[in-house]
Amino acid sequence: MSRSLYGWMKRRRMPRIDALTRRQLLERSAAGAAALLLSGCGFLGRADSRGGRRIVVVGGGFAGLVAAHELRAAGYAVTLVEARSRTGGRVLTFGDFVPGRVIEGGGELIGSNHPHWIAWAERFGLEFLDIVEPEEAEFPIVLRGERLAADAVDALYEEMDAALSQLNALAEPIDADAPWRSADARALDLRSTADWVAELAVSELCKAGIRAQLEADNGAPLERQSLLANLAQVKGGGLDRYWTDSEVWRCKGGNQQLATALQQAFTAAGGTLRLGARVQRIDQTGAAVRVTLTDGTALDCEDVVLATPPTTWDAIEFAPALPPELAPQLGVNTKYLMHVKGRFWEAAGLAADGLTDGPIGWTWDATHGQAGDGPACLTAFSGARGAETVRGWPVAERDARFRAEYARLFPDVDAQFVAARFMDWPSDPLTRGGYSIPAPGQITTCGPQLRSGHGRLHFAGEHCSHAFVGYMEGALESGAAVAKRIAVKDGVAQG
Ligand SMILES: Cc1cc2nc3c(=O)[nH]c(=O)nc-3n(C[C@H](O)[C@H](O)[C@H](O)COP(=O)(O)OP(=O)(O)OC[C@H]3O[C@@H](n4cnc5c(N)ncnc54)[C@H](O)[C@@H]3O)c2cc1C
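Residues numbered from 1 in each chain as written. Predicted model: local features only at pLDDT ≥ 70, side-chain atom pairs only at ≥ 80, totals over all residues. Heavy atoms only, no water.

**Focus: the pairing of strand E17 (residues 362-365)**
At step 1: Here E17 shows no split at all, with Trp362 and Trp364 on one side and Thr363 and Asp365 on the other all buried.
At step 2: Of the pairings in the sheet, the one linking strand E16 (residues 354-356) to E17 comprises 2 bridges and is antiparallel in character. When the sheet's bridge partners are listed, leucine 355 is paired in E17 with tryptophan 362.
At step 3: In this antiparallel pair of consecutive strands, E16 and E17, the connection spans 5 residues, and glycine 361 shows a positive phi of 60°. (Buried < 20%, exposed > 50% of the residue type's maximum accessible area, 1.4 Å probe, protein only. Helix = DSSP H or I, 4+ residues; strand = E, 2+ residues; numbered from the N terminus. Pairing = 2+ DSSP bridges.)

**Focus on the layout of surface pockets**
At step 1: Estimates place the volume of the largest pocket at around 410 Å³.
At step 2: In terms of lining residues, the largest pocket is bounded by 21 residues, among which His116, Asp177, Arg451, Glu477 and Ala481 are the most central.
At step 3: Contributing elements (two or more residues each) for the lining of the largest pocket: helix H4 (115-124), helix H15 (442-452) and helix H16 (472-489).
At step 4: At 6 residues, H16 tops the list of elements feeding residues into the lining of the largest pocket.
At step 5: In terms of residue class, the lining of the largest pocket is built from 11 nonpolar, 5 polar and 5 charged. (1 Å grid on protein atoms, 1.4 Å probe; cavity = no way out; pocket = protein on both sides within 12 Å on 5 of 7 lines; lining within 4 Å. Points joined across faces, edges and corners; volume = space filled by probe spheres on them. Nonpolar A, V, L, I, M, F, W, Y, C, P; charged D, E, K, R; others polar.)

**Quick look at the sheet that holds strand E13 (residues 303-306)**
At step 1: On the basis of which strands lie adjacent, the open sheet formed by 5 strands has the order E9-E2-E1-E13-E20 and parallel pairing. Sheet topology places strand E9 (272-275) and strand E20 (457-459) at the edges, where each strand pairs with a single neighbour. Strand-to-strand twist across the sheet, computed as the mean angle between neighbouring axes with direction ignored, equals 20°.
At step 2: The pairing of strand E2 (residues 77-82) with E9 spans 4 bridges and is parallel. Residue pairing in the sheet places threonine 79 in a bridge with threonine 272 of E9.
At step 3: Its contacts with the sheet place helix H11 (residues 256-268) against E2 and E9, and it is angled at close to 130° to E9. (Axes fitted to C-alpha atoms, helices over the stretch in contact; angles between N-to-C directions. Contact = heavy atoms within 4.5 Å.)

**A closer look at the environment of cysteine 301**
At step 1: When you line up the elements, cysteine 301 lands in strand E12 (residues 298-301).
At step 2: In this structure cysteine 301 comes out as buried when scored by relative accessible area, which is 1%.
At step 3: For the pair cysteine 301 and arginine 385, spaced 84 residues apart in sequence, the C-alpha separation works out to 42 Å.
At step 4: Beyond its immediate stretch of four places on either side in the chain, cysteine 301 contacts Arg54, Ile55, Val56, Ala288, Val289 and Val291.

**Notes on the pairing of strand E18 (residues 376-383)**
At step 1: By the criterion of burial, E18 is predominantly enclosed, with 8 of the 8 residues buried.
At step 2: Bridge count for strand E15 (residues 333-340) against E18 is 8 bridges, and the pairing is antiparallel. Across the sheet, the residue bridging to threonine 334 is serine 382, located in E18.
At step 3: As judged from the 4 bridges shared by E17 and E18, these two strands associate in the antiparallel manner. Paired with aspartate 365 across the strands is leucine 378, a residue of E18.

**Some thoughts on the environment of glycine 270**
At step 1: When you line up the elements, glycine 270 lands in the loop between H11 and E9.
At step 2: Look at glycine 270 and you get partly exposed, because its relative accessible area is 47%.

**Here we look at the packing of H4 against H16**
At step 1: Viewed as axis vectors pointing N to C, H4 and H16 meet at an angle of 80°, and their least axial separation amounts to 8 Å. Between H4 and H16, the crossing angle belongs to the class labelled roughly perpendicular. Residues Pro115, His116, Trp117 and Trp120 of H4 form the contact with H16, whose own contacting residues are Met472, Glu473, Leu476, Glu477 and Ala480.
At step 2: Across the contact of H4 with H16, the residue classes tally to 6 nonpolar, 1 polar and 2 charged. (Parallel < 35°, antiparallel > 145°, perpendicular 65-115°, else oblique.)

**Looking at the pattern of salt bridges**
Pairing between side chains of opposite charge can happen when their charged atoms approach one another.
At step 1: This model, assessed by the stated rule, comprises 32 salt bridges.
At step 2: The salt bridge involving lysine 335 is made with glutamate 108; its shortest N-O contact spans 2.6 Å. Taken as a pair, lysine 335 in strand E15 and glutamate 108 in the loop between strand E4 (103-104) and H4 lie far apart in primary sequence, 227 residues in all.
At step 3: Assessed through its relative accessible area of 4%, lysine 335 is described here as buried.
At step 4: The exposure class of glutamate 108 is buried, given its relative accessible area of 4%. (Salt bridge = Lys/Arg side-chain N within 4 Å of Asp/Glu carboxyl O.)

**Some thoughts on the side chain of aspartate 490**
At step 1: The residue aspartate 490 is located in the segment after H16 in this model.
At step 2: Within the local environment of aspartate 490, its side chain forms a polar contact with the side chain of arginine 53, the two groups lying 3.4 Å apart.
At step 3: In this structure the side chain of aspartate 490 is engaged in a polar contact, spanning 2.9 Å, whose partner is the side chain of lysine 489. (Polar contact = N/O pair within 3.5 Å; in protein donor to acceptor, adjacent residues only side chain to side chain.)

**Let's talk about the sheet that holds strand E6 (residues 141-143)**
At step 1: Read across the sheet, 7 strands follow the order E7-E6-E16-E17-E18-E15-E19 without closing on themselves; strand pairing throughout is mixed. Taken across any chain shown, the strands that pair with only one partner, and hence form the sheet edges, are strand E7 (146-147) and strand E19 (417-423).
At step 2: One ladder, built from 2 bridges, connects E6 with E7; its direction is antiparallel. When the sheet's bridge partners are listed, leucine 143 is paired in E7 with glutamate 146.
At step 3: This element, helix H8 (residues 204-218), spans E6, E15, E16, E17 and E18 of the sheet and lies at about 110° to E6.
At step 4: Against the sheet, helix H14 (residues 395-407) makes contact with E15, E17, E18 and E19, and its axis sits at roughly 85° relative to E15, the strand it touches most.

In structure tokens form, the structure reads like this:
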């Protein structure tokens, strides 16, 4: 996810939340989410009650880690199978890129409206770093080829505020947890967000601003975004809070710490972790399931949780086969991490948060909140068409092309460049995309199937959480939810 244009314009105009209010909000959210977790209900004491029922969880990203942790806590014999040599999936923290700095190569920003993240942070003693918008600096914005002056940014904010309030009103009656149950669900799902934008009585600049924001955020052209999917996200994030609160923290020391903590808690509780183990086949026969790895190892169990991105499912043979329409869309997102000598934008009176509707999309200071004046990282986050463009640049020209695009926002960038790392997640065979955004029609066709599962095959992953689709929060929520559904099915937990 990227920084939100409207979000930061709006937050800048809001009174600051003081530390006490934020602490109270944190405690309330953590208490609420703890109740959603099986491991928050004393299940560890019932570890033998399942009579050795076995579950294989495929995929050790946040969703698979939580599912494995929670099912183990409920007493199941759980094996977590992960193809990489590490857990975390699309969460990958670098401590070796910019000296003395922690940089996120994948999932980065956390919301104060993300209750599962908050609950786990509380459980494992992780801290959040506040993201604070500079009060005086200019936010560099280039839309439709022109750099906006301050009064144009103000006018854009007023128009976007009115337009997105209409989206909030449409989202109000939506069932964010199961949006296919909402009134007029099918019609809203078949409508694209582009259709909604086209009917807005706003300027072309405002439409370009909304398009730039939602396409970079969700990684797909507006024509390929279900309006119902956007409404469920907005409702899930708390309507107006969706815009202001979804990207306000980073995890101090890096998000990877949560993967490590979940992994350690799972194995300490007796769970089995198989790293470097890629699943090739999943065969269901009656009451049993066999999971076969690429090295031929067979793992027999009663239930399987598939917590891998849908874009990778075609590398697994399923018997019985998955329904062909069960193919949730992932958007296309990349990050270009640019190591620079220092926070040079400050001297120029600029904020690091920039936006273009060209190839690089958003920029931000990935070292924001990390103390000291040392080196920094100016990240460029691209989505949809922008991401396809930067992925197409020849490797030998990539750094120069990126610098030319950055220069449209930050004229002094050339002299500051030290090194770069390009995070091309769509080219990674274990991801093959950025993160999910349902295409028109997909909430009502795929949503109920992702929830009900496919026989003894159950689904988890950010694509299963419509209220927080695409976010780390969605992955965490889906892992807890699938564990609970299995435990309820088996009579271990109450529905
Ligand atoms: C560029 C980018 C920026 C992002 N920014 C943010 C952000 O700021 N805030 C936010 O909340 N979210 C962000 N996200 C999204 C967030 O990272 C994801 O939503 C979340 O991490 C997904 O978790 P997951 O467990 O569903 O899937 P994954 O993390 O993808 O985990 C799936 C796991 O399955 C494994 N796997 C795949 N196939 C197999 C197989 N056959 N056998 C065994 N294992 C297999 C993979 O190796 C992987 O570890 C971003 C993502 C990207 C790509």
